[in-house]
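# Inside the fold
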Amino acid sequence: MRLPLVFAFVLLLCAGSLQAQHPALRPQGPSQFEKGLELMEKQQWAAARRAFSRFLETEQPEANDLRRAEAAYYIAYSAINLSNDDAEALTENFLLEYPYHPKAQLAYYELARFYYSNKNYNRAATYYERVNPAALTPAQRDEVDFNLAYTYFSNKDFDKALERFNKLKRSNNRYSYAASYYAGYIYFTKGEYDQAAYDLQRAEQNEAFAAQVPPLMANIYYRQGLYDKLISYAEQKGGSRKTSGSELELLTAEAYFKKEEYAKAATYFKQYAGSKKLDGPLAYRLGFSQYKSGQPKEAIENFKGVANQQDSLGQYAAYYLGQLYLDQNNDPFAQTAFQRASSLNFDPKIKEESLFKLAKLQFKQQNYDAAALALRQFIEQYPKTGYRQEATELLSEALLKNQNYEQAIAYIEQLENKNPRIRKAYQEVTFLHGAELFNTGKFFNAVQNFEKSLKFPEDQETTVKANFWSAEAYSIGQKWDESKNFYAAVFRQASPDSDLHLRSRYGIGYAYYNSKQYDRSQVHFKEFVDRAGAKNPFYHDALLRLGDSYYATKNYNAALDAYQRAQKENTPEKDYALFQTGLVNGLLDKNAEAMQAWNTLTRDFPNSQYVDDAQFNKAELQFSQGRYTEALQLFNQFVQQHANSPFVPYAYRSIGLSHYNLKNYEAAANAYIRILENYPSHTIANGVLMGLQEVLNLQGRPEEFNRYLALYRKANPADQALETVEFESAKNMYFSQKYPQAIEQLQAYLKTYPSSSNAPEARFYLAEAFYRSNRTQEALAQYQTLAKSGPANLQTRSLERLAEISYRSGDYLTATRNYRRLERLAGNRRQQIDAWAGLMDTYYRRQQYDSTMYYANQLTNQSGAAANLMSKALLLKGKVALARKNYSEATTFLRQTVDLAKDENAAEAYYLIAYVQHLQEQYKESVETLFGYNAQFSAFKFWLGKSFILIAENYLKMGEIFQAKETLRSIIENATEPAIVEEAKKRLNEIQQQEATQQQQQAPANSQLDQN
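Parameters and conventions
Residues numbered from 1 in each chain as written. Predicted model: local features only at pLDDT ≥ 70, side-chain atom pairs only at ≥ 80, totals over all residues. Heavy atoms only, no water. Helix = DSSP H or I, 4+ residues; strand = E, 2+ residues; numbered from the N terminus. Rg over C-alpha atoms; globule rule 2.2 N^0.38 Å. Buried < 20%, exposed > 50% of the residue type's maximum accessible area, 1.4 Å probe, protein only. Contact = heavy atoms within 4.5 Å. Lys, Arg positive; Asp, Glu negative; His and termini not counted. Charge placed at Lys NZ, Arg CZ, Asp CG, Glu CD. Axes fitted to C-alpha atoms, helices over the stretch in contact; angles between N-to-C directions. Parallel < 35°, antiparallel > 145°, perpendicular 65-115°, else oblique. Left-handed = near helix turned anticlockwise from the far one by under 90°. Nonpolar A, V, L, I, M, F, W, Y, C, P; charged D, E, K, R; others polar. Phe/Tyr/Trp six-rings, centres within 6.5 Å; stacked < 30°, edge-to-face > 60°. Lys NZ or Arg CZ within 6 Å of the ring centre and 35° of its normal. 1 Å grid on protein atoms, 1.4 Å probe; cavity = no way out; pocket = protein on both sides within 12 Å on 5 of 7 lines; lining within 4 Å. Points joined across faces, edges and corners; volume = space filled by probe spheres on them. Core = buried A, V, L, I, M, F, W, Y, C linked by side-chain atoms within 4.5 Å. Domains from an automatic or database assignment. Salt bridge = Lys/Arg side-chain N within 4 Å of Asp/Glu carboxyl O. Expected span 1.5 Å × (residues − 1). Polar contact = N/O pair within 3.5 Å; in protein donor to acceptor, adjacent residues only side chain to side chain.

## Regarding the overall build of the chain
Each helix and strand counted, the chain has 55 helices and zero strands in total. Relative to a compact globule of 1012 residues, whose C-alpha radius of gyration would be 31 Å, the chain shows 52 Å and is clearly more extended. Counting across all 1012 residues of the chain, residues that qualify as buried make up 51%. Partitioning the intrachain contacts of the chain with sequence separation of at least 6 by distance along the chain shows that 52% fall at a separation of at least 24. Distance between charge centres in the chain, computed from 117 positive and 115 negative side chains, equals 1 Å.

## A short note on unusual backbone geometry
The backbone of N329 shows a phi angle near 60°, a positive value even though the residue is not glycine. Structurally, N329 is set in the loop between α18 (312–327) and α19 (331–342). By relative accessible area, N329 is classed as exposed at 63%. For Q478, which is not glycine, the phi torsion reads 60° and is therefore positive. Its location among the elements puts Q478 in the loop between α26 (460–476) and α27 (480–493). What makes Q478 exposed here is its relative accessible area of 57%.

## Brief notes about the packing of helix α42 (residues 759–772) against helix α43 (residues 776–789)
At their nearest, the axes of α42 and α43 sit 8 Å apart, and the two run at 150° to each other. One element, α42, and the other, α43, form an angle in the roughly antiparallel class. Read as a crossing pair, α42 and α43 show a hand that is left-handed. Each of P760, R763, F764, L766, A767, E768, F770 and Y771 in α42 lies in contact with α43, whose residues at this interface are E778, A779, Q782, Y783, T785 and L786. The residue inventory of the contact of α42 with α43, partitioned by class, reads nine nonpolar, two polar and three charged.

## Let's talk about the packing of aromatic side chains
In the structure shown here, the tally under the stated rule is 96 aromatic pairs. A ring pair is formed by F764 and Y783, whose centres lie 6.3 Å apart and whose planes are at 65°; its orientation type is edge-to-face. Placement of the pair is F764 in helix α42 and Y783 in helix α43, with a sequence separation of 19 residues. Y783 carries the same exposure label as F764, and that label is buried. Seen from the ring of Y177, R202 lies directly overhead, with NZ or CZ sitting 5.3 Å from the centre. The ring of Y272 has K276 lying over it, and the distance from NZ or CZ to the ring centre is 5.5 Å.

## As for the layout of surface pockets
Estimates place the volume of the second largest pocket at around 1,200 Å³. Those elements that provide at least two residues to the lining of the second largest pocket are α36 (648–661), α37 (665–678), α39 (705–715), α40 (721–735), α42, α43 and α44 (792–808). Of the residues in the lining of the second largest pocket, the class split is 18 nonpolar, 18 polar and six charged.

## Here we look at the nonpolar core
Of all hydrophobic cores here, the largest spans 180 residues; its most connected members are F52, F165 and F303. Of all the elements, helix α6 (residues 104–117) adds the most residues to this core, at 10 residues. Here this core spans two domains, since at least three of its residues come from each of domain 1 (277–346) and domain 2 (890–996). The residues contacting F52, other than those within four sequence positions of it, are F33, G36, L37, M40, A71, Y74 and I75.

## Side note on the pattern of salt bridges
Per the stated rule, a full pass over the model turns up 48 salt bridges. For K526, the salt bridge goes to D530, with nearest N and O atoms at 2.9 Å. With K526 and D530 both in helix α29 (residues 518–532) and four residues apart, this pair spans about one turn of that helix. The class of K526 is partly exposed, set by a relative accessible area of 38%. Residue R775 is joined to E778 by a salt bridge in which the shortest nitrogen-to-oxygen separation is 2.7 Å. Taking relative accessible area as the criterion, R775 reaches 33% and is therefore assigned partly exposed.

## Points about helix α16 (residues 280–292)
An α-helix turns once every 3.6 residues. As a result, residues three or four positions apart point the same way. With 13 residues, α16 should cover 18 Å at 1.5 Å per step; its first-to-last C-alpha distance of 18 Å lies within 8% of that length. Buried within α16 are the following residues: G280, L282, A283, Y284, L286, G287, F288, S289 and Q290. Measuring from the backbone nitrogen of L282 back to the side-chain oxygen at the start of α16 gives 3.2 Å, which picks out D279 as the cap. Looking one or two residues past α16, G294 carries a phi angle of roughly 75°, positive in sign.

As structure tokens, then:
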């Protein structure tokens, strides 16, 4: 605040006029000086400055002419009023040249005012301090005091400012209210609230400060803890301007917050916020007020914005957010919030509470793996926590229920005292680990765990299961006596109506069957068949084995009944039943029925693996009846159609015998010679020599015999011991997994004994050794040789490996061709099923979905297919339907996959079910599905990670940005699959970039709101 410059000028003008009238000091006549004075009186500052400048330049007054100093002063004074750039320099030059001139004090005054008006408070203070108050009027002195006080205030020199403000406020002057305001403000900053309140209340009496004082007074009451007084004062001043009212609303909200009257606090916080977004602390207090006053929905929205902060407020907000979600039974969201709160370290108690609540939620949601990890961390970090007992109990149960069985077993085994609950947990977890090992083919280790489980027979059902799967493992290992004992234990422990009791009948039947105790196997197979019913997946197989058991004990009529029953019930192995029906009828001298059965087999099942057997036996049946001409026709047809059949040597022998009986000795000799030339090491070759010798003698060609005898001797040397030793040595190297040594020895063996009957087998082991040494190209060469010309059993095994290599290298077309050939040459049902599985997979990779579905159906219609192949077939059916966007059909197949087995195929299927829901915009249902993943498939870490990424994507679609980001952060911190971690990092970065862009776009809008 300052006086008008014109007022000061009038004072100076009067003094100047008096001096100008002194006859001794002024020359007579008009002058530029007088003109300048007149212009100054009219406040024509630019013209006045020019007049005074011309006076000094043209009239050149003497040094002792007082007008010289006055003109210099008036030039500077005019420059100040004009805000000329040289005003400061002109004034300072005047002061330097005329420091003792009466106008010097006024020059200091005006120069200070100049700097003050330009807000250069440091320079203004310098010149105000030089002003002699005695040279000023009382009003000017008050002005100097106020302006100097304000310059001190602006420079934060509050002590000096306060001294002058206090001086001014105590007297009646134009600055007293302003001085009271600033003095009150300074006392406020010093924490002297009573004095501040006194001064501010005086200032408030002036209209100019009526709107400025209330926020400061409210602040004083707030800092004094006088919350009721603050609230009353704010209500009284509620009719003030909007800007101050807004600040009063905030302080009123803070007062109610301190009083723990949260509903009123929330109301005032919201009024203060209006349409603006509150900053972190205010948003937190608003959210907390809403939380405490029963406004959960609003509280959640405010806490979500704060919970992302990396500070104590972020930790508190995340914790209360978790509590709110718990109250709403929204466990997934609560888990994410507690995960966030437990990851921050600002408040140890909140971290402890959050970590424990997180673990309990993970346990509740059946995410036992994560719960066990969190509980271990909790117990280690807080050994003296009040939750220790509960945490220890939960950890024991989590270890029991999660699928990290080795960790669970190790934990329980190190416990000194095992109460019944712990013993039951140990019984179950060791059984589950054994089952897991069983499913991966580690049968020895599986049995070890089953034995551990059986040490604590706390639960009858688990005991029965441990005995049953022990029996199954021993059966696979062909330890039939051990398997029988465990099956018998199931009979003793399980209810006769239970599934495992029935399956044990089937298993023990096989144990007796494989140990050639057919009289006992037929008892158990019959019991199984009578009780199981045709819908049982093992029924048809058991019915055939019952027939086989009767057949082996020469109970041919019973065997025939079983095989014919299998045909009537359309067993999947009807071709085998027909073949066996033919054999039994032949043994019963029912030759017509035998031929009928085999003819039906070859007609209805042309691709059956038993076709060559049937055709060979048809020929043999004609031969055994002495119908040699008919037999020859059938044998010749057989060797042409089944050149790779193991029965070919026998067929040639029967051809030779038939010709011999028909006295076609040359044809007989040719048949025998074919055997000796192509199968010299075969077991029938020795007997053929005698037949050849006889027919050659009958033809008068005895001299030719020695040639074929030499062939036989070469293939069957008198001493095969060395060759056998070398071959067995090479095989031992292979089976000991010493592949480099095996390769060396097998190559040496093949070089030394290229025509040995063991050569094809040696070549196969050589190929396998190359394959297992990652020498794929060398392995391929050996497999291709065997696939082209090896024995039938090695042909198919080589084709399997060739197809596998092509598949793994991404050459799906070649893999398809190899699997197709394997399908044609399959020597047993397992190879046929493997071929179908390979074709199903390769066609899917080639996106030939019709063919994929064909072979998937072939597998799912087979009772003998392994569970993992069945689940893969159902999975691919679902994926084909998904690719065709037939979501309903896809979901059906995927659910069937999940229900069939808890393997990796089922884990992927479960994920895809949720993905289908996501595609159908069923985001909430998708999240609910995915949170069920842990309970069943937590062992499959890749799909577990994919599930959580999909959960995050669902949250994004639901507008739950906080949940999405925290889910991704949890993946980054806890996932073990590098690819999953990288995917989560990439997605989180994308979300954060999108948020940053949105904030930049919103910033101008918020700025506009603030201005309004």
